[in-house]
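Understanding the architecture of this molecule
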Amino acid sequence: MSLVSVVNAVKTYGTGEAAVHALRGVSIEIEPAEFTVISGPSGSGKSTLLNLIGCLDVPDGGTVRIEGRDVNGLDGSSLAALRAARIGFIFQSFNLIPVLTALENVELALQLAGAPAAGRREKCAETLTAVGLGGLLDRRPNQLSGGQQQRVAVARALVKQPALVIADEPTANLDSTSGTAVLDLMRDMNAARGVTFLFSTHDPKVMERARRVVTLTDGQITADEFRT
Amino acid sequence: MMLRLAVRNLLRNTRRTVLSLAAVVAGVGVLVLGQGFIGGMEENAIRAVVDTSTGHVLLRPAGYPTEGLQHPVDDLFQSPVLPAELAASVEASAPRLLFIARAIHGPDAMRIRAIGFDPERDATVFSRGTWHVDGATPKSAADGVLLGAGVARNLRAKTGDTIVLQARTRAGAINALELKVAGVVATGAPFIDQTAVMMAMDQAQTLVIADGAVSHFAVRLHDRDDATAFVQRWTAPAGTEATTWIAETAAVLRIQSIRRAALNLLVAALLGMSAAGIANTILMAAYERVREVGTLRALGFTRRDVLALFVLEGAMMGAIGALLGAALGGGVVYHYHQVGIDLSGLIEQTGGNLPIAAMLYTDWSPPTVAGAVAFGTVIAMLASVYPAHVASRMVPADAVRA
Ligand SMILES: Nc1ncnc2c1ncn2[C@@H]1O[C@H](COP(=O)(O)OP(=O)(O)O)[C@@H](O)[C@H]1O
Ligand SMILES: [Mg+2]
């Protein structure tokens, strides 16, 4: 059983003349421990696809299965529970909660994943230390650089040991050096812990590190290459 | 964590939070203040009547006039002895004999209300706590009379002077006596200060030539709430009627209930404003924090969690504002409950016929204050439901990229 199985997914925004066909029948399987990039020009439907796989949205047609479960059959709170426990998100704009410290941001994710209170804080601190932020646990997001914020986001995504981490253009708002550092961090986590990563990007640095590159054009998959 | 998020979110735009709070503070503050003062005024008005002229139960001739300066002596009765089975609920009782007389001092004369009282029992039913007596309170006919301060002023009479009192006797003849002024009293009760000449019962009965007869018989109960039951069980002597403090203060209390309605209207307006303020604040927060809401949803927040977060923020704003308002309003009410407000100046200014006692003690009622706090909080909570609902309806996929 694939970790992710998308069959003929269709997503249309709007209706009639104004309808935007963001996805026109996309099928893709993702296996555990993959490090896969979805590439394609802006507007090709990358974010839409990741949002479907991340259970933030449901398709208008076709099916999306996560660990064998069809998301179309799930209600809002089951989808929320699935996201909380099984999926980690890394966003282009970091999306940390501004009123929480680095540690609290990470802890919120772990708490929502259902981890017991005992040892939770320590585990979050360890994860932040593992991404190189051991000394900045009590900083608020606005006291951190973009690269540091994205590391917090990586820690927040990884701390609950999810089945899948979805990263939508994670380096787009970072300078080249911090972008590379964050990417290497994720590559290490993939190699060391077997965490499954699914990216969208048009950053060549990300593509260089990918083991599989799926190309999306106008809402359709036009290439799917594995590298060694 | 939800609570921590809510607290931090409130602190994030302190100016806006404080503004929304202020309206709740005002609403709840005015509610607590208003209830304290109106409750106090109500009690004050009751005391003004009970402590000076009616007691809790009052016996008087049937059909006795209650308006204006009228005290007929046609239907006087003998001071009754209370039946033994009612005695247990009675704290004290005292007779009075009221009649109209003409007081003359040299060239000055005026119509007055003569009050004959029982020297032993009167103070056990009627309060003398606010009395300021210059001279002495007469204990018998030999001591003379006690002038209300306003009467003394009008007659230009002082302690030690001699005045003439002229009255119609029970039989209809005119009787006049030369009497010594034993003292001048300021009680704070206008009907005494402005119009009364008080004297021992024997002196009063001598003037109207009515041995042993009285016009009023007042009873003070241990518990004034027993008054209605007491009157029902008491067979009043023939030719008399028994009335309760409740009936005697009804007209006054009607004014208070109008005040209460006005207060409720004002509070409703203030709390309506604060509800609108809070709803607006939460709605603005919801729109400002779209991306955060999306992120929380991605992390596993359900719609219900988002709703709860925003309602919690509104409720906390309401609770803090309500507590502050209650503390401010309650502080003032509690203070004046302890020390009271001296209204004697006001009574003198209005010269008059307002039924108010000299000291106003505000009504300090912790349940009322707690109720106001709960009320303010619930209103804030309800006000935030709609904006919280708006936040909870956002589609997470769109919200995360906002
Ligand atoms: N919420 C939305 N409403 C309307 N159109 C949308 C919405 N989200 C995305 N789209 C449209 O769908 C298409 C695919 O968008 P997206 O998945 O964001 O592409 P990418 O991430 O590859 O840039 C674009 O044309 C975009 O304008
Ligand atoms: Mg995109």
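Heads up: these notes are all about the structure in this document. One numbering rule holds for all chains: residues counted from 1, following each sequence as written. Starting at A for chains and at 1 for ligands, labels are handed out in the order in which the entities are written. Local features in this predicted model are restricted to residues whose pLDDT is 70 or higher, and side-chain atom pairs enter the listing and the counts only when it is 80 or higher, whereas totals over whole chains, interfaces and linings include all residues. Computation of side-chain values covers all heavy atoms of the structure but excludes hydrogens and water.

All names here are of chain A. Read from one edge to the other, the open sheet built from six strands follows the order 6-7-8-3-9-10, with strand pairing classed as mixed. Edge positions in the sheet fall to strand 6 (87–90) and strand 10 (220–226), since each has one partner strand and no second. Across the sheet, the mean angle from the axis of one strand to that of its neighbour is 15 degrees, orientation sign disregarded. In short, DSSP must find at least two bridges between two strands for them to pair. Only DSSP runs of H or I reaching four residues or more are called helices, and only runs of E reaching two or more are called strands; each is numbered from the N terminus. Across five bridges, strand 7 (residues 164–168) lies against strand 8 (residues 196–201) in parallel orientation. Fitted lines through C-alpha atoms serve as axes, helices being fitted only where they are in contact, and the angles separating the N-to-C directions of these axes extend from 0 to 180 degrees.

Residues and elements named next belong to chain A. Each residue after the first adds 1.5 Å to the expected span of a helix. Taking 1.5 Å per residue, 18 residues should reach 26 Å; helix 6 (residues 176–193) reaches 25 Å between its end C-alpha atoms and fits that length. Each residue is placed in one exposure class: buried if its accessible area under a 1.4 Å probe, protein chains only, is under 20% of its type's maximum, exposed if it is over 50%, and partly exposed if it falls in between. Every buried residue belonging to helix 6 is among Ser178, Gly179, Thr180, Val182, Leu183, Leu185, Met186, Met189 and Asn190, and all of these are buried. As for helix 6, its buried residues are in contact with strand 3 (35–39), strand 6, helix 4 (120–130), helix 5 (146–158), strand 8 and helix 7 (204–209). Regarding helix 6, its N-cap is Asp175, as a side-chain oxygen of that residue lies 3.1 Å from the backbone nitrogen of Thr177 further along. Immediately downstream of helix 6, the backbone of Gly194 shows phi near 70 degrees, a positive value. Note on contacts: a residue pair qualifies if any of its non-hydrogen atoms lie within 4.5 Å across the two residues. Any pair of nitrogen or oxygen atoms within 3.5 Å is treated as a polar contact; in protein, a donor-acceptor pairing is required on top of that, and neighbouring residues in sequence qualify only through side-chain atoms on both sides.

Near ligand 1 lie 13 residues; those nearest to it are Gly43, Ser47 and Thr48 of chain A together with Asp398 and Arg401 of chain B. Positioned at a junction of chains, ligand 1 has nearby residues supplied by chains A and B. Separating an oxygen atom of ligand 1 from a side-chain N or O atom of Arg401 of chain B is a distance of 2.6 Å. For the shell around ligand 1, the secondary structure elements donating two or more residues are strand 2 (20–30) and helix 1 (46–53) of chain A. When grouped by side-chain class, the residues that make up the shell around ligand 1 number four nonpolar, six polar and three charged. Neighbouring residues are identified by heavy atoms, a residue being near a molecule or strand if any of them is within 4 Å of it. Polar here means any residue other than Ala, Val, Leu, Ile, Met, Phe, Trp, Tyr, Cys and Pro, which are nonpolar, and Asp, Glu, Lys and Arg, which are charged; Gly is therefore polar.

We now examine the environment of Pro107 of chain B. All names here are of chain B. Its place among the elements puts Pro107 in the loop between strand 3 (90–105) and strand 4 (108–117). Taking relative accessible area as the criterion, Pro107 reaches 76% and is therefore assigned exposed. Linking Pro107 and Arg156, residues 49 residues apart in sequence, is a C-alpha distance of 9.6 Å.

Take the sheet that holds strand 5 (residues 69–70) of chain A next. Residue and element names in this part refer to chain A. Spatially, 2-1-4-5 is the arrangement adopted by the four strands of the open sheet, whose pairing is antiparallel. Looking at which strands have only one partner, the edges of the open sheet turn out to be strand 2 and strand 5. Across the sheet, helix 1 lies against strand 1 (4–13), strand 2 and strand 4 (61–66), angled at about 125 degrees from strand 1, the strand it touches most.

Below, the discussion takes up the environment of Gln205 of chain B. Within the secondary structure, Gln205 of chain B is located in helix 7 (residues 201–207). The residues contacting Gln205 of chain B, other than those within four sequence positions of it, are Leu97, Ala210, Asp211, Gly212, Ala213 and Val214 of chain B.

With that settled, the discussion passes to the interface of chain A and chain B. Each side of the interface is counted separately: chain A has 29 residues, and chain B has 21 residues. Buried area is a sum: the accessible area each of two parts loses on coming together, probed at 1.4 Å, counted once for each and added. Interface area, chain A with chain B, both sides summed: about 2200 Å², of which 62% is carbon and sulfur. For this document, the term salt bridge refers to a Lys or Arg side-chain nitrogen within 4 Å of an Asp or Glu carboxyl oxygen. Summed over the shared surface of chain A and chain B, the number is two salt bridges. Close ionic contact of Arg8 of chain B with Glu104 of chain A constitutes a salt bridge, the shortest N to O distance being 2.6 Å. For the pair chain A and chain B, the number of links is eight residue pairs in polar contact (both at pLDDT 80 or more). Of all the elements in the fold, those that place two or more residues in the side of chain A that touches chain B are helix 1, helix 2 (76–86) and helix 3 (102–112) of chain A. For the side of chain A that touches chain B, the leading source of residues is helix 3 of chain A, giving six residues.

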